Amino acid sequence: MNNKQIIKFFSYKLIRFIILMIAVAIFSFVLLDLSPIDPVSVYLKGAAVSEAQRTILEQYFGVNVPLHTKIFHWLVDLFQGNLGTSLIFRAPVLDVIIQKFTASIVLMAISWILSGVIGFGLGVVAGKNKGSWIDKAVKVYCYAIQSAPSFWVGMLILMVFAVYLGWFPIGFGVPIGVSSNDATFAQWASRLVLPTLTLSLVGLAPIAMYTRNELIQVLSSDYVLFAKSRGEKGWDLVKNHGIRNILLPAITLQFLSFSELFGGAVLVEQVFSYPGIGQTAVAAGLQSDVPLFLGIVLFSAVFVFIGNLLADISYYLIDPRIKENEFND
Amino acid sequence: MIKKKTDDKEQWFLFRANLRTKTIIIIVLSAIVIVSILISGSFIKEIPTSFVNANQLPSLEHLFGTDWMGRDMFQRTIAGLSLSLTVGFIASAVSTLISVILGLFSSFNRFTDEIVAGIIDLFGSIPHILLIILVSIMFGGGTMGVIMGVGLTHWTPLARVLRSEVKEIKTKEYIHLSENLGKSKIWIAVKHLLPLLISQIIVGIILMFPHAIMHEAAITFLGFGLPPHEPAIGVILAESMNYLSSGYWWLAFYPGMSLLIVVLLFDFIGESVEKLLNPETAQE
């Protein structure tokens, strides 16, 4: 791997990224423009105004401007980093997104790591003991959790731990009456546990199933048979021949799950009233806050793109076979 | 390879059966459950309210308990499931149509193939749930919004499969022969490609279905989908959120569990059909 190849790789990705972002920006803008949302009534929230004032507002929001001009202005503003002003928060969209996302990133990062580690561990244990009760238990769990709506899992956890056992508060990022800056670390952490638990429990199923199936396949290969005949057995065999082979694709798969992670956060934050980006997205959608919603859609697309990019890089860095022929085509 | 002793095939209770028999039994049983939910759900119109029996624990009289208006939760759940299934059917039909059209469209030439790949990438770059919300807002929310939101966004996996299948089939000699004989691209797509894609499409629909139902429930739960007076599962669960802190666990537990079981049934059907249609595993 030399510098030229790295530059080529990243410039290719950068061009792709720019094209994709423009496409997403235009696509989401057109969809929301076609919707029956009237920006003036959303802005006024039912307040009574005279016809003249309404006309001024309509002019301000550009109600009668043709679509292609609107798209052009939107893209120009976007390049200048101006995403507009949120109608709910009455603050610049970018500020709102950054503030809410910092709350969400803690939740997402912890559950991403936990689900990856636990999922991989369960998958290895299940795959090693194929057909045993532990394998069956893991399989049943994965099937069930993948078929369960994640918000319902969150509700069950909320019922058990917060309502029935009373170990954790029922919701909200910080206690009522305390501003988010004054909340202590313990107060934040105690409200983070249940959403993180839910996201991890839901997120570990795909990775566990993948690891299990791959490990079973590797363990039935000829070179493992040869290793067995050489006298290797038990955990050493799995560690030397199994895990080395499946760890890297599993990491890649975990990076590719950023999209589901974001989707899961939207639902789980709603259940636990956690003030993150997902809850904000739902509020923006329900209250027709178009600028904020557009901003979050764009932001989530960046987030997913970064996940895919990291997956590509991890593949490239880790797997020697890809290094050789990646750029030859 | 040493032949390993596999007990997997002998676990079938009642009698030892081959995959074909097992699959048919699974499909028939699941289909009976699903059809009976659909039929009984369509008969439930008005669920009697009785405030005397409000918020009762599950009992023999009320299997899933009662809600704050004294309505029987079992009836509400069945009605909700049948509504969700209907929405899921329509949405899957829309999605399948889109993926078949795009799959065949990708066969025309390199340029159309790139367009299809681009559209698939675009839809894959936004988290699914935000995409559904986006589309449902565009249709103004409500029942139409949720059907289109779920229907217009679930076609990507199937379209991806169809596109790669089409690429493979197009290298076959009889396709070149047809082209040389002057047949139009559309003729080739319909007469030569489509018949070979049927099995993929069938599996795709069945595997798409559970996702559609789950996303319908999620979107409705968030408040974008079906209106609150409809007995949808998402509505029931969103309503039960208000009673969680009162400890009325049955309001949330049973409807969600029923949804899980229905989704699992479709997963089982899909996987079994896939095994049957795949010649490598069909004879096990």
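Here is a short report on the structure shown in this document. As the structure is a computational prediction, the values presented were derived from the model and not from experiment.

Some details on the overall build of chain A
Moving on, step 1. When helices and strands are tallied, chain A shows 14 helices and zero strands.
Moving on, step 2. Tracing chain A from N to C terminus, the helices and strands come up as α-α-α-α-α-α-α-α-α-α-α-α-α-α.
Moving on, step 3. The buried share of chain A, reckoned over its 329 residues, is 44%.
Moving on, step 4. If you take every contact in chain A between residues at least 6 apart in sequence, the share linking residues at least 24 apart comes to 73%.
Moving on, step 5. Counting every atom, chain A has about 16,800 Å² of accessible surface; 65% of that belongs to carbon and sulfur.

Let's talk about the interface of chain B and chain A
Moving on, step 1. Between chain B and chain A, the contact holds 46 residues from the first and 48 residues from the second.
Moving on, step 2. For chain B, the biggest contributors to the area lost against chain A are L130, L134 and M138 of chain B; these three give 15% of the whole.
Moving on, step 3. Across the contact surface, chain B and chain A share one salt bridge.
Moving on, step 4. Two residues, R16 of chain A and D121 of chain B, come together in a salt bridge whose shortest N-O distance is 2.7 Å.

Overview of the nonpolar core
Moving on, step 1. Core analysis: the largest hydrophobic core is formed by 118 residues, its most contacted members being F151 and F293 of chain A together with L222 of chain B.
Moving on, step 2. Residues from two domains meet in this core; each of domain 1 (3-79) and domain 2 (94-322) of chain A gives at least three.
Moving on, step 3. The residues touching F293 of chain A, leaving out its near neighbours within four places in the chain, are L32, A281, A284 and G285 of chain A together with L130, I133, L134 and I137 of chain B.

A word on the packing of aromatic side chains
Moving on, step 1. Under the definition given, this model contains 18 aromatic pairs over all chains.
Moving on, step 2. Between F151 of chain A and F221 of chain B, the aromatic rings sit 4.2 Å apart at their centres with planes inclined by 15°, giving stacked as the arrangement. With F151 of chain A in helix α7 (residues 150-164) and F221 of chain B in helix α8 (residues 185-222), this pair bridges two chains.
Moving on, step 3. Using a relative accessible area of 0% as the deciding quantity, one classes F151 of chain A as buried.
Moving on, step 4. Given the relative accessible area of 8%, F221 of chain B is considered buried.

Some thoughts on the packing of helix α7 (residues 173-180) of chain B against α8 of chain B
Residue and element names in this part refer to chain B.
Moving on, step 1. The interhelical angle for the contact between α7 and α8, taken along N-to-C directions, is 160°, at an axis separation of 10 Å. It follows from the interaxial angle that α7 and α8 lie roughly antiparallel. At the point where α7 passes α8, the crossing takes the right-handed sense. Listed contacts from α8 to Y174, I175, S178 and E179 of α7 are K185, W187, I188, H192, L193 and L196.
Moving on, step 2. Looking at side-chain class alone, the contact of α7 with α8 contains six nonpolar, two polar and two charged residues.

Quick word on empty space enclosed by the protein
Residue and element names in this part refer to chain B.
Moving on, step 1. One pass over the full model with this rule turns up two cavities of 30 Å³ or more.
Moving on, step 2. Roughly 50 Å³ of internal volume is contained in the second largest cavity.
Moving on, step 3. Along its surface, the second largest cavity is lined by S107, F108, K170, I175, E179, K185, I188 and L193.
Moving on, step 4. Of all the elements in the fold, those that place two or more residues in the lining of the second largest cavity are α7 and α8.
Moving on, step 5. No other element matches the three residues that α8 contributes to the lining of the second largest cavity.
Moving on, step 6. Across the lining of the second largest cavity, the residue classes break down as four nonpolar, one polar and three charged.

About the thresholds
Residues numbered from 1 in each chain as written. Chains lettered and ligands numbered in written order. Predicted model: local features only at pLDDT ≥ 70, side-chain atom pairs only at ≥ 80, totals over all residues. Heavy atoms only, no water. Helix = DSSP H or I, 4+ residues; strand = E, 2+ residues; numbered from the N terminus. Buried < 20%, exposed > 50% of the residue type's maximum accessible area, 1.4 Å probe, protein only. Contact = heavy atoms within 4.5 Å. Areas by Shrake-Rupley, 256 points an atom, 1.4 Å probe, with all protein chains shown as cover. Buried area = accessible area lost by both parts, 1.4 Å probe. Salt bridge = Lys/Arg side-chain N within 4 Å of Asp/Glu carboxyl O. Core = buried A, V, L, I, M, F, W, Y, C linked by side-chain atoms within 4.5 Å. Domains from an automatic or database assignment. Phe/Tyr/Trp six-rings, centres within 6.5 Å; stacked < 30°, edge-to-face > 60°. Axes fitted to C-alpha atoms, helices over the stretch in contact; angles between N-to-C directions. Parallel < 35°, antiparallel > 145°, perpendicular 65-115°, else oblique. Left-handed = near helix turned anticlockwise from the far one by under 90°. Nonpolar A, V, L, I, M, F, W, Y, C, P; charged D, E, K, R; others polar. 1 Å grid on protein atoms, 1.4 Å probe; cavity = no way out; pocket = protein on both sides within 12 Å on 5 of 7 lines; lining within 4 Å. Points joined across faces, edges and corners; volume = space filled by probe spheres on them.

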